[in-house]
Amino acid sequence: MNVFLYAFAGYVVLGTVIALMAMKGLKTQEEYYIAGRKVSGVVSALTYAATTYSAFMMVGLVGLSYASGVGALGFELFYLVGTLFLLSYYAPKVWEMAKERGYITPGDMIAERYGREVAVVMSVVATIALIPYLSVQLIGVGLILDKTSAMSFSYGIAASAILIALWAFLGGLRGVAWTDAIQGVFMLVMALAAIYWVNSNGFGDKNFFAEVTRLGELLVVPNSVWTPVRFVSLTLPWFFFALTNPQVFQRLYIPKDRASLRRMVILFGFFGLVYTVIVTLIGLELRTMTEMGAFPRVEDRDAVTPTLLGLMPPLLGAAISLSIFAAAITTANSIVLTLSSMLSRDLFGSERVGTGRVIIVFLTLALTLFAYSRPNYIVELSVLSSTILLAQLPLILGVFHFKGGAKVAGISTLLAGFTTAVVLSFAKLSPLGIPASVWTFIVSFVVFFAASRLDR
Amino acid sequence: MPTPENDKNNTPNICSMKLLEGVIIIAAMLVPFVAIKSHDMTTYLYWTAVAAAYLIYITIKRW
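Residues numbered from 1 in each chain as written. Chains lettered and ligands numbered in written order. Predicted model: local features only at pLDDT ≥ 70, side-chain atom pairs only at ≥ 80, totals over all residues. Heavy atoms only, no water.

## A word on the nonpolar core
All names here are of chain A.
- Residues Tyr53, Tyr275, Ile282 and Leu286 are the most contacted members of the largest nonpolar core, which totals 187 residues.
- It is helix α8 (residues 153-203) that contributes the most residues to this core, 23 residues altogether.
- Excluding residues that lie within four positions of it along the chain, tyrosine 53 makes contacts with Glu76, Tyr79, Leu80, Met187, Phe268, Phe271, Gly272, Tyr275, Thr276, Ala327 and Thr331. (Core = buried A, V, L, I, M, F, W, Y, C linked by side-chain atoms within 4.5 Å. Buried < 20%, exposed > 50% of the residue type's maximum accessible area, 1.4 Å probe, protein only. Helix = DSSP H or I, 4+ residues; strand = E, 2+ residues; numbered from the N terminus. Contact = heavy atoms within 4.5 Å.)

In structure tokens, the structure reads:
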């Protein structure tokens, strides 16, 4: 039995005990999906961070920084400042409305403003957008565990799926938030351990700031990878992530009071800044080491982290692999729980916790089958998810800033945005040189304002 | 004394102030695309400093 499996066994036991402890008193949907609006600021911040920062950080972003340079930091920090900008304005308004009017899902707010039918369409659009994204988390974890010989690909996916469903099923949001909080701290500590190891081994007797100049154009933007169009294309959906992604939007309902909400946003900001800087620095240090001949040249950017883990001492490698596994689980079980709340409450109109638990099982089965089938288009679909979710933006902003618009505007905006995102992305079209995400943004707003006139 | 009516009257002002804040932070984040061309860690440190400064601003200001 390898080191990883010992650590993994402890992780499973600890998480399951926490989820069982969180089960007590979960009788209403308010308790099950938003922990009765009684979560402290610190736990809210950690669950927000753990939900947001997936396995993409330690695998995808390390590789992206390695392959494309400093633009990867700009892309990720645009998301962070966008989130701080949006939450410092909208979070108190959303929190107050949710508390006053008893919102449980993001769809509750949309249903009250635009009609229940719009929330139904939104729950379906969000599910279609997020299932491939969830499957990519499972595939990513399966591959990294397989490459580091911790666990085979199939077992990795099965273990992930079981934990995603089990912890959400047992403890609802309270269980997910408590396990997220512990895992969030673990993710940050392991990222620190990784940068410490890379720095000690790569630059023990050398000055990183002097050596990094070897990277040339990778240290500036724009460069051959980060063209302005590509930067805008990727950054636009992420800038609005805090409003358009239901799993994080629903977290605005959970803090116990306004002070806790504020603490959640600020602490999340500090977590995000430190985590982003560490992760992108690992990528840049490894690329510098490659140019110095101290680290293998890795052509496939998703293989950078597995290559690094293979060079580390087994215990450290196992702990970092486990933190990547934890990052995937914390993101996935939060999304599954939120989607189950939207499908059971907004789509089926159920007030029962049991319905949501059944949906958790079916959703997990669906994403597991999707992950095992590994369709060729899954990467495109997962990238597409944040672009599709942009279609909701006019509706969410409309709640606060526009008086017009009801059922027709709501449904036509979602369908037009969804269709634009899917057609342009699959056909790989950029009419007038404008990327799919920007077109989705423009079309959604134009249709929203145009259709609002029909709703008068 | 704050009343709902006062709050309603202040909303457009707060909204335009927030919009200005958004324009400033986006403009600050775009500076490396036009003004930083040195092949060292300047762009990296600049972006980190802007994000950190904005985070401190959000921490200090009332909202």
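## Examining the interface of chain B and chain A
- Every contact between the two is made by 32 residues of chain B and, on the other side, 39 residues of chain A.
- In this assembly, chain B packs against chain A so that about 3,200 Å² is buried in total across both faces, 81% of it on carbon and sulfur atoms.
- Area buried by chain B at its contact with chain A is led by Phe33(B), Tyr44(B) and Trp63(B), which between them contribute 26% of it.
- Scanning the region where chain B abuts chain A turns up 0 salt bridges.
- Taken together, chain B and chain A are joined by 9 residue pairs in polar contact (both at pLDDT 80 or more).
- Secondary-structure elements contributing two or more residues to the side of chain B that touches chain A are α1 (4-35) and α2 (42-60) of chain B.
- Across the side of chain B that touches chain A, the residue classes tally to 20 nonpolar, 6 polar and 6 charged. (Buried area = accessible area lost by both parts, 1.4 Å probe. Salt bridge = Lys/Arg side-chain N within 4 Å of Asp/Glu carboxyl O. Polar contact = N/O pair within 3.5 Å; in protein donor to acceptor, adjacent residues only side chain to side chain. Nonpolar A, V, L, I, M, F, W, Y, C, P; charged D, E, K, R; others polar.)

## Points about helix α1 (residues 3-22) of chain A
Residues and elements named next belong to chain A.
- Taking 1.5 Å of rise per residue, 20 residues should cover 28 Å, and α1 covers 29 Å from first to last C-alpha, within 8% of that figure.
- Among the residues of α1, those classed as buried are Phe4, Phe8, Tyr11, Gly15, Thr16, Ile18, Ala19 and Ala22. Along the axis of α1, the buried positions cluster into a sector of 160°, meaning they face one direction only. Those residues of α1 that are exposed and angled more than 90 degrees off the buried face are Tyr6, Val13 and Met21.
- For α1, the elements touching its buried residues are α7 (116-147), α8 and α15 (314-347). (Expected span 1.5 Å × (residues − 1). Arc of directions from axis to C-beta.)

## Some points on the pattern of salt bridges
- Considering all chains together, one arrives at 15 salt bridges over all chains under this definition.
- When the shortest N-O distance is used, the salt bridge between Asp180(A) and Arg251(A) registers 3.8 Å. Of the two residues, Asp180(A) sits in helix α8 while Arg251(A) sits in the loop between α12 (246-249) and α13 (258-292), which places them 71 residues apart along the sequence.
- One salt bridge in this structure joins Glu21(B) and Lys18(B), with 2.9 Å as the shortest N-O distance. Of the two residues, Glu21(B) and Lys18(B) are both situated in helix α1; the distance of 3 residues between them amounts to about one turn of the helix.
- For Lys18(B), a relative accessible area of 7% gives the class buried.
- Look at the salt bridges and you will find they share partners, linking Glu31(A), Lys38(A) and Arg174(A) into a network.

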